[in-house]
Amino acid sequence: MTISTFVFKNALRNKRRAVLSVSSVAVSLFLLVTLQVALRELTLPPPSAGAELRVAVRNKISLTNPLPARQRGIIERISGVQAVSPFTWFGGRYKNEEGMSFAQFAMDPVELRPLFGEARMSREGYEKFAADRDACVLGKITAEKYHLKVGDAMRLDSTIYPGSLTFHIAGIYSGTPDDRNMFFRQDYLDESIGTPGYVGMWWLKVKTADDMAPVIKAVNAAFQNTSAEVRAESERNFQLGFISMLGNVKKLIASISTVVVFTLVLVSASTMSMAVRERFRELAVLKALGFRRRELFAFILAESFGLAAAGGLLGIGGAYAIFTFGDVGKMTQGIFVSFEVTPRIMGLAALVAAVLGIVSALAPALSVARMSVVNGLKTLD
Amino acid sequence: MSGAALLLKTISPFAQCRGFRGRMARRQIELFSSGPPSLLYFVAETIVQIRELTKIYAQGEIQVTALDRISLEIAAGEFLALMGPSGSGKSTLLHIIAGVDRPTSGECRVQGVNVTRLNESELADWRNHNVGFIFQTFNLIPVLTAAENVELPLLLTRLGRRERHRQVETALALVGLGDRAKHLPRQLSGGQEQRVAIARALVTDPALIVADEPTGNLDSHSAQEVLAVLQSLRSDAGKTVIMVTHDPKAAAFGTRQIHLEKGELSP
């Protein structure tokens, strides 16, 4: 027998409790990892190839205020601008669903490719999109979710504009960080609602990264002191600004994570205390046989650490396996397209497990250290 | 070879050791080399020397005197039966001799070492090397086999696995349980469990075996077996055995009986 065999046998002496302890740690750490990944995905959307050359232009008053379509000509003339397209949020519901599981934007069909070149779609798709007024292109995730294919019709009821619009799918794209969105033609929207002349936003592409700052400055300056002042910013900054509106969600997730960890510590400490209290007399016997405080402390610590490590391994490993090899889009019903369990998050969870193992061992170890052999032996009778 | 010379020969290799065991061996050699003849005699023949030992327990404002200025000498190789009614202080005396309790005043020397002066860590080390414990309720670890229970005290030594196994086998064979090494405590009878506990007490080859009511939880047949083993430890292995008991029949196995009454030795 070795010391580790002794610790192992002690840890598993009450198998049901050991399994429950490991399970509680595993489930809690799985939850912690999930929350941390969700927080990361919400606050750090995956960078898109080409995003470093794209600029989002919105009404300076608010995102919901439209911009006059006449601004396009002025923007196109700014040096360094390669492509400009309207980008109008439609807010449509598909099949009378309660919420919107994918976004729809009206834009210039010709500028789709120059703007979002990283998207993969057939040449026929682009051509059809440019040719047919009611054409749209759809992200692969949404197409798969609703079993839609090229040529199918889609009817969307707008929550912003009166009435509904029917579209025909010209192409299905993939290869972007978020293959859920739908794009259709601005002119189709203008004609349908009967009030042309306004767009939601402008989305531009600059020629080189060096053009980014001057273009942003020039666009902002171009509409200063007009009836529709704009706020231009890089696509990345626009996304981060959007995310900053999730401030409360971040706090909520952080709070839940803290509660999870704190509860976990309480449960584990209680379990370890119970396990040690049941063995008080045995520990007194070990002391009588010559085991010192530090050796008994090491036994308790090793047992506690072992249970926490086993739980950690299961929880973290399980989260990694599920979120890496599972279909996150399906699992989250399209809310998250990627759900990356990063080494940093795994390290954080492992650290929590390690601290948990140590903290849980402290109280019982201290009580054992303070226990005299005689008092410990008295618990025998 | 005289007993003193034999002891000197035994402890000399340990004088090179670091830590408590080395210090204790060097102290004993010092006693042999420079002490007067009476001291030499004491080291060789008297294993326990107790002087004016008092133990007072404070229970709130009430003070209970468990041991009242007891003086006692126990010779090496004795089988001493400590008798007395409940609360007479016999277990307290046993605990102090075994180094698991401390007296309020007085001195307790075991093999020349004043155990009342050792700190916690030194005392633990000393117990591991010099005292074997046998308890009334056996106190075996239920998840360990008989052999693993016996091996426990050896985990604190520097012995290799093979040497540990050899010593465990010897100890179990000595108590007649060589064929039960793989059995868990629950698979053994009470008498067998107590014999495993005796093997555990023996395995480090301590000079002193202390037994607190070792037959208290056994039927008369098993009690006889256990007492016979303890007796043979004294007669065949030369161990000093100190046993606390209520039972006059068990006490009769001892070479000497001492009665305690209200914390004092009664004549």
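For the structure, check the block above.
The following paragraphs examine the structure supplied in this document. (Residues numbered from 1 in each chain as written. Chains lettered and ligands numbered in written order. Predicted model: local features only at pLDDT ≥ 70, side-chain atom pairs only at ≥ 80, totals over all residues. Heavy atoms only, no water.)

### Brief notes about the overall build of chain B
For clarity, the cut-off: Numbered from the N terminus, helices here are DSSP runs of H or I no shorter than four residues, and strands are runs of E no shorter than two. Using a 1.4 Å probe on the protein chains alone, a residue whose accessible area is under 20% of its type maximum counts as buried, one over 50% counts as exposed, and one in between counts as partly exposed. Any two residues whose heavy atoms approach within 4.5 Å are treated as being in contact. Residue-level accessible areas treat just the shown protein chains as cover; the underlying method is Shrake-Rupley with a 1.4 Å probe.
What chain B contains, in helices and strands, is ten helices and ten strands. Classification of the 267 residues of chain B by burial places 52% in the buried group. Taking the intrachain contacts of chain B between residues at least 6 apart in sequence as the baseline, contacts between residues at least 24 apart amount to 70%. When the accessible surface of chain B is summed, it comes to about 12,300 Å², and 50% of that surface belongs to carbon and sulfur atoms.

### Structural notes on a nonpolar patch on the surface
Residues and elements named next belong to chain A. We count it as follows: Note that patches include only residues with greater than 30% relative accessible area and no salt bridge, and the join distances are 9 Å for like charges and 5 Å for nonpolar side chains (Val, Leu, Ile, Met, Phe, Trp, Tyr). For salt bridges, the criterion is a side-chain nitrogen of Lys or Arg within 4 Å of an Asp or Glu carboxyl oxygen.
A contiguous nonpolar surface patch, about 560 Å² in accessible area, is contributed by Phe297, Phe305, Leu351, Val355, Ile358, Val359 and Leu362. Where the nonpolar patch is concerned, the elements lending two or more residues are helix H12 (293-325) and helix H14 (343-370). Among the elements that line the nonpolar patch, the one with the most residues is H14, at five residues. By the element assignment, Val355 lies in helix H14.

### Some points on the pattern of salt bridges
According to the stated counting rule, one finds 30 salt bridges over all chains in the structure shown. The closest approach of N and O atoms between Arg69 of chain B and Glu52 of chain B, which form a salt bridge, is 2.9 Å. Taken together, the residues span a long stretch of sequence, with Arg69 of chain B in strand S2 (residues 62-75) and Glu52 of chain B in strand S1 (residues 46-59) at a distance of 17 residues. Given the relative accessible area of 57%, Arg69 of chain B is considered exposed. Between Lys55 of chain B and Asp101 of chain B there is a salt bridge, with its nearest N and O atoms 3.3 Å apart. Separated by 46 residues along the polypeptide, Lys55 of chain B in strand S1 and Asp101 of chain B in the loop between helix H4 (90-98) and strand S4 (105-110) bring together distant segments of the chain. Side by side, Lys55 of chain B and Asp101 of chain B carry an identical accessibility label, which is buried. Salt bridges sharing partners connect three or more residues here, namely Arg72, Glu76, Asp108 and Glu111 of chain A.

### Quick word on the side chain of Gln194 of chain B
All names here are of chain B. Applied cut-off: In the analysis that follows, any N or O atom pair within 3.5 Å is treated as a polar contact, provided that within protein one partner can donate a hydrogen and the other can accept it, and provided that, for residues neighboring in sequence, both atoms belong to side chains.
Relative to the assigned elements, Gln194 resides in helix H8 (residues 190-202). By relative accessible area, which is 0% here, Gln194 ends up buried. At 2.8 Å, the side chain of Gln194 forms a polar contact with the backbone oxygen of Pro214. Contact partners of Gln194, with chain neighbours within four places excluded, come to Ile134, Phe135, Gln136, Phe138, Pro214, Leu218 and Val226.

### Quick notes on the sheet that holds strand S3 (residues 79-83) of chain B
Backbone hydrogen bonds are what pair the strands of a sheet, in a parallel or an antiparallel way. Residues and elements named next belong to chain B. Here is the rule: Each pair of strands is called paired provided DSSP finds at least two bridges between the two strands. Axis definition: a line fit to C-alpha positions, over the contact stretch in the case of helices; interaxial angles, taken between N-to-C directions, run 0 to 180 degrees.
Taken in spatial order, the six strands of this open sheet run S6-S7-S8-S3-S9-S10, and their pairing is mixed. Every interior strand has two partners, whereas the edge strands, strand S6 (131-134) and strand S10 (264-266), have only one. With strand direction ignored, the average angle separating the axes of adjacent strands in the sheet is 25°.

### Description of the interface of chain A and chain B
Put simply, the rule reads: Throughout, the accessible surface (probe 1.4 Å) given up by two parts as they are put together, summed over both, is called the buried area. Under the grouping applied here, Gly and all other residues not named as nonpolar or charged are polar, the nonpolar ones being Ala, Val, Leu, Ile, Met, Phe, Trp, Tyr, Cys and Pro and the charged ones Asp, Glu, Lys and Arg.
Taken together, the contacts link 24 residues of chain A with 26 residues of chain B. Summed over both sides, the interface between chain A and chain B buries roughly 2,400 Å², with carbon and sulfur atoms accounting for 66% of that surface. For the pair chain A and chain B, the number of links is one salt bridge. Mapped by element, the contributors of at least two residues to the side of chain A that touches chain B are helix H1 (3-11), helix H11 (280-289), H12 and helix H15 (373-378) of chain A. Among the residues forming the side of chain A that touches chain B, the class breakdown is twelve nonpolar, three polar and nine charged.

### So, the environment of Gly87 of chain B
Residue and element names in this part refer to chain B. Relative to the elements of secondary structure, Gly87 occurs in the loop between S3 and H4. Taking the relative accessible area as the measure of exposure, Gly87 reaches 73% and is therefore exposed. As a C-alpha pair, Gly87 and Lys262 span 175 residues in sequence and 7.0 Å in three-dimensional space.

### A word on the nonpolar core
How we decide: Here, nonpolar core refers to any group of buried Ala, Val, Leu, Ile, Met, Phe, Trp, Tyr and Cys residues whose side-chain atoms link them within 4.5 Å.
One finds Val48, Ile50, Leu93, Ile97, Leu152 and Ile242 of chain B to be the most contacted residues of the largest nonpolar core, which totals 62 residues. The greatest single-element share of this core, amounting to seven residues, is contributed by H11 of chain A. Setting aside chain neighbours within four positions, we find Ile50 of chain B in contact with Ile70, Ser71, Leu72, Leu93, Ile97, Glu107 and Cys108 of chain B. Listed in part, the 34 residues of the second largest apolar core include Phe79, Ala199, Leu233 and Met243 of chain B.

### Points about the pairing of S2 of chain B
Residue and element names in this part refer to chain B. Pairing analysis gives ten bridges linking S1 to S2, with the strands arranged antiparallel. Following the sheet pairing, Ile56 is matched in S2 by Thr65. Connecting S1 to the antiparallel partner S2 that follows it, the hairpin turn spans two residues, and Gly60 within it adopts a positive phi of roughly 70°.

### Considering the packing of helix H2 (residues 15-43) of chain A against H14 of chain A
All names here are of chain A. Using the following cut-off: We call a crossing left-handed when the near helix sits turned anticlockwise from the far one by less than a right angle, and right-handed when that turn is clockwise.
Packing of H2 against H14 brings their axes to within 10 Å, and their N-to-C directions diverge by 145°. Judged by the twist between their axes, the crossing of H2 over H14 is right-handed. Contact residues: H2 offers Val25, Leu29, Leu32, Val33, Gln36, Val37 and Arg40, while H14 offers Ile345, Leu348, Ala349, Val352, Ala353 and Leu356.

### Side note on the side chain of Arg17 of chain A
Residues and elements named next belong to chain A. Its location among the elements puts Arg17 in helix H2. Looking at Arg17, the relative accessible area reads 17%, which means it is buried. When near neighbours in sequence (up to four residues on either side) are disregarded, Arg17 contacts Thr271, Met274, Ala275 and Glu278.

### A few points about helix H7 (residues 186-193) of chain A
Residues and elements named next belong to chain A. Among all positions in H7, only Gln186, Tyr188, Leu189 and Asp190 are buried. Contacts made by the buried residues of H7 are with strand S3 (81-89), strand S5 (104-107), strand S8 (164-173), strand S9 (182-185) and strand S10 (198-199). Just downstream of H7 lies Gly194, where phi reads positive at about 75°.

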